[in-house]
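Coordinate analysis (summary)
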Amino acid sequence: MLVPAAPAAVASDDRRSRQLIEMTIDSLAEVGFVGTTLAEIAGRAGVSPGLVAHYFGDKNGLLEAAFRALAGRLGENLLVRLASAEGPRARLQAVIDANLAPEEFDARTSTVWLAFWGQVLHAPHLGRIQRVYQKRMLSNLRHALRALVPSAEVTKLAAMIAAMIDGVWLRGALSGWVETDSDTARSMLTSFVDNYLSDLPPPSAARAAARSAIAPVNPATGEALARIAVTTPAEVDAAVARAKAAQPGWAALAPVERGRILRRAADLLRTRNDALARIETLNTGKPIQETLAVDVLSGADCLEYYAGVAATIAGQHLDLGAGAFGYTRREALGVVAGIGAWNYPLQIACWKAAPALACGNAMIFKPAEQTPLTAIELEGIFREAGLPDGVFQVVQGFGETGRALTGHRDIAKISLTGSVETGRLVMADAARGLKAVTLELGGKSPLIVFDDAGIDNAVSGAMLANFYSSGQVCSNGTRVFVQRPILKAFLDRLVARTSALRIGDPLDPATQIGPLVTEAQMESVLAHIARARHEGVRLVHGGSRRTDGVLGRGYYVEPTIFEATDDRAAIVRDEVFGPVMTVLAFDDEEEVIARANTTEFGLAAGVFTADLTRAHRVIARLQAGTCWINQYNVTPVEMPFGGMKASGLGRENGLAAIEHYTQIKSVYVAMTDIDCPY
């Protein structure tokens, strides 16, 4: 009779085998395929060669396990991206982005991949893994392409994209990444795919008909809330034409009058706060206690702020001496487009519309297809406040509607709030028409807690930075670095307070944690959690979907806390966009600054400390566009909001936004006759 191993023993074996696989990958990166032996790995791990043989048998078994682990990580990364991809074009992009992600371009990983690729023709056990890798890539590409291109093109185009993915990676690796890098490679393939797709006939009428309407659901119940027709390309053209006709008159209006209309719209938002908050809660799943206090009122604050700014928009007078002077004018761009995200639908619509309208532009706004309802209400409120017809219009749809805006010749600027992948697509599309862009994208922001901070205050900040809006906030401080002397006390209080959070019906005023916005988003978050657990990251609290009682009808994930000891773990690197916090210990200031900045993102950061000199010193060195000291995720409209690096370009809010919705005209005025030598 076989006696099953105790759970602790199984976990210990898993940790040991993972450790030996990591040692193998390190060895392959440093001494190559030939030099990597059982004895070499045993020496690195401080164990006997017999123990390595116990886990893997021989060198072939060891190398096969390492190759599978490497391919498995890539596969898990792809699954996470596919889980959050909305639509076939996004799924296609997920395959490109996963295979050409920055972590696949680091020296250690790429050296090991090259070591394996060099052996697959001579080692059948490695060749099998390679064939599985290739088949999976082709399968994922074909699945996405079937909804995008005629059936006769699917297999050929999938093979072409797969060859380009492998080819551009291999060329870069062999050149030591001199000829290309991750961003360049992804951009190149994205441009190729977009250009290729644009030259092909559209998919079948049946597939097109399936995307002729959007049907937002209540995330707490899964029930449909409405069915809204997708704006057709012809209707987008008509909306842009109306905006183009209305914009000059709006820009010619006295700025103070534009401000009065925005102020009336702000008053209407406040008057209808309760009704609009309810719609926002039904559509997003955010607790009503949040939408009543923040979502609608922050939009009203934004409109009110730019109502006051409108009359102050001005250029400069430049003294050029007795013979001349100069001046500048700030003028509207014309027709601009806003593309919103699903986490703060009404607030984001206001953040984009208010400065654009204050500057004299007309705006076409496309809300996220998951949360289209309150943008419709905002359009009506603007009309009721006195905004001329055509100056603010809402169009509805999926990515195709967004691309109709980004590629439209009569739209001067695009302002997007969305993912990094979407930002790259929008920027590439806008570049063809030399359009200005503002991109507010994703983040993996650090929140640093020094050992002199008030622990309860820091725990409050960390919870706001991870669990507010069920963690669906782009600026969230999901990497919580805690100085080692207070780590245990911090975790103890964090777990106690997190355990007390109330998960439930978002329309119940007592609910603190609602569902995630869609089933796809829930699956994406759960995939991140499962991957972290598979990688051996310690789960401190939560980690599961909640299905008890009525929660089983919705998309609920309980607040989750991990404690990570390796910054290379996927949960530390990747944006999750759900109620998932990762706590990491650190020892000193120099160390934590370096680790905080080791990310492609740069949206936000926070520091908790009683030493304000240190707080300012650390903030000055963090690569983030929006920072807090002893607070987190507070975003007053008076302050610019935006990021650095892959987190975006430009700024929302504050006077900085005026620069992104106007263009400067310089005027030279001569006061004397021309001294002409001809």
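Residues numbered from 1 in each chain as written. Predicted model: local features only at pLDDT ≥ 70, side-chain atom pairs only at ≥ 80, totals over all residues. Heavy atoms only, no water.

Before going further, it helps to examine the overall build of the protein. Across its full length, the protein holds 25 helices and 18 strands. Per-residue burial for the protein yields a buried fraction of 53% across its 678 residues. Here the contacts in the protein between residues at least 6 apart in sequence split such that 73% fall between residues at least 24 apart. Working note: accessible area of the protein is about 28300 Å², and carbon and sulfur atoms make up 56% of it. (Helix = DSSP H or I, 4+ residues; strand = E, 2+ residues; numbered from the N terminus. Buried < 20%, exposed > 50% of the residue type's maximum accessible area, 1.4 Å probe, protein only. Contact = heavy atoms within 4.5 Å. Areas by Shrake-Rupley, 256 points an atom, 1.4 Å probe, with all protein chains shown as cover.)

In this section: the sheet that holds strand S14 (residues 580-586). Two pairing modes exist for strands in a sheet, parallel and antiparallel, and in both the strands are linked by backbone hydrogen bonds. As summarised here, the arrangement of the 7 strands in space is S12-S13-S14-S11-S10-S15-S16, forming an open sheet in which the pairing is mixed. Both edges of this open sheet fall to strand S12 (538-541) and strand S16 (626-629), since each of them pairs with a single strand only. Averaged over all adjacent pairs, the angle separating strand axes in this sheet is 20°, with direction ignored. As judged from the 5 bridges shared by strand S13 (residues 560-564) and S14, these two strands associate in the parallel manner. Paired with Ala 564 across the bridge in S14 is Leu 584. Against the sheet, helix H23 (residues 589-597) touches strand S10 (446-449), strand S11 (479-483) and S14, its axis set at about 145° to S14. (Pairing = 2+ DSSP bridges. Axes fitted to C-alpha atoms, helices over the stretch in contact; angles between N-to-C directions.)

With 5 of 5 residues buried, strand S8 (residues 413-417) lies mostly within the body of the structure. Relative to S8, strand S5 (residues 335-339) runs parallel, the two being bridged by 4 bridges. In the strand pairing of S8, Ile 339 is matched with Leu 416. Between the parallel pair S8 and strand S9 (residues 436-440), the chain is carried across by helix H18 (residues 420-432), and the sense of this crossover is right-handed. (Right-handed = clockwise from strand over helix to strand, strands pointing away.)

A separate point is the nonpolar core. Among the nonpolar cores identified, the biggest contains 106 residues, and Leu 269, Tyr 306, Phe 382, Val 449, Phe 490 and Val 583 are the most heavily contacted of them. Counting residues in hydrophobic clusters, the runner-up holds 60 residues, among them Met 23, Ala 158, Trp 169 and Ala 173. (Core = buried A, V, L, I, M, F, W, Y, C linked by side-chain atoms within 4.5 Å.)

With that out of the way, let us pick up the sheet that holds strand S17 (residues 648-649). The 6 strands are arranged S7-S6-S5-S8-S9-S17 in an open sheet whose pairing can be described as mixed. Two strands close off the open sheet at either side, each with one partner strand: strand S7 (392-394) and S17. In this structure, S8 lies alongside S9, joined through 5 bridges in parallel fashion. Residue pairing across strands places Leu 416 opposite Leu 439, the latter belonging to S9. Along the sheet, helix H16 (residues 373-385) contacts strand S6 (362-366) and S7; its crossing angle with S7, the most-contacted strand, is approximately 155°. Against the sheet, H18 engages S8, S9 and S17, with an angle of about 180° to S9.

This paragraph deals with the pairing of S11. Among the 5 residues in S11, 5 count as buried, and that is most of the element. A two-sided burial pattern is seen for S11, the buried positions comprising Arg 479, Phe 481 and Gln 483 on one face and Val 480 and Val 482 on the other. With 4 bridges connecting them, S10 and S11 associate as parallel partners. Looking at S11, one finds that Pro 446 is bridged to Arg 479.

In total, this model carries 0 disulfides according to the counting rule given. The thiol sulfur of Cys 359 is not disulfide-bonded, and the nearest other cysteine sulfur, from Cys 302, lies at 12 Å. On the basis of relative accessibility, which here comes to 7%, the residue Cys 359 falls in the buried class. With no disulfide partner, Cys 474 has as its closest neighbouring cysteine sulfur the one in Cys 627, 14 Å distant. (Disulfide = S-S within 2.5 Å.)

On to the confidence of the model for the protein. On average, residues of the protein score 91 in pLDDT, and 96% of them reach the 70 mark or higher. Here residues 1-11 scores under 50 on pLDDT; set against residues more than four positions off or in separate chains, the count is 1 contact. (pLDDT = per-residue confidence, 0-100.)

Inspection of the entire model under this criterion finds 10 aromatic pairs. Considering the side-chain rings of Phe 365 and Phe 392, the 6.4 Å spacing of their centres and the 20° angle between planes classify their relative orientation as stacked. Residue Phe 365 is found in strand S6, and its partner Phe 392 is found in strand S7; the two are separated by 27 residues along the sequence. For Phe 392, a relative accessible area of 5% puts it in the buried group. In this structure an aromatic cluster arises from ring pairing among Phe 67, Trp 113 and Tyr 133. (Phe/Tyr/Trp six-rings, centres within 6.5 Å; stacked < 30°, edge-to-face > 60°.)

The next subject is the packing of helix H19 (residues 455-467) against helix H20 (residues 487-499). Closest axis-to-axis distance for the H19/H20 pair is 10 Å, and the angle between their directions is 55°. It follows from the interaxial angle that H19 and H20 lie oblique. Regarding H19 and H20, the two cross each other, and that crossing is right-handed. Across from Ile 455, Asp 456, Ala 458, Val 459, Ser 460, Ala 462, Met 463 and Phe 467 in H19, the residues of H20 making contact are Ala 489, Phe 490, Arg 493, Leu 494, Arg 497 and Thr 498. Considering only residue class, the contact of H19 with H20 consists of 9 nonpolar, 2 polar and 3 charged. (Parallel < 35°, antiparallel > 145°, perpendicular 65-115°, else oblique. Left-handed = near helix turned anticlockwise from the far one by under 90°. Nonpolar A, V, L, I, M, F, W, Y, C, P; charged D, E, K, R; others polar.)

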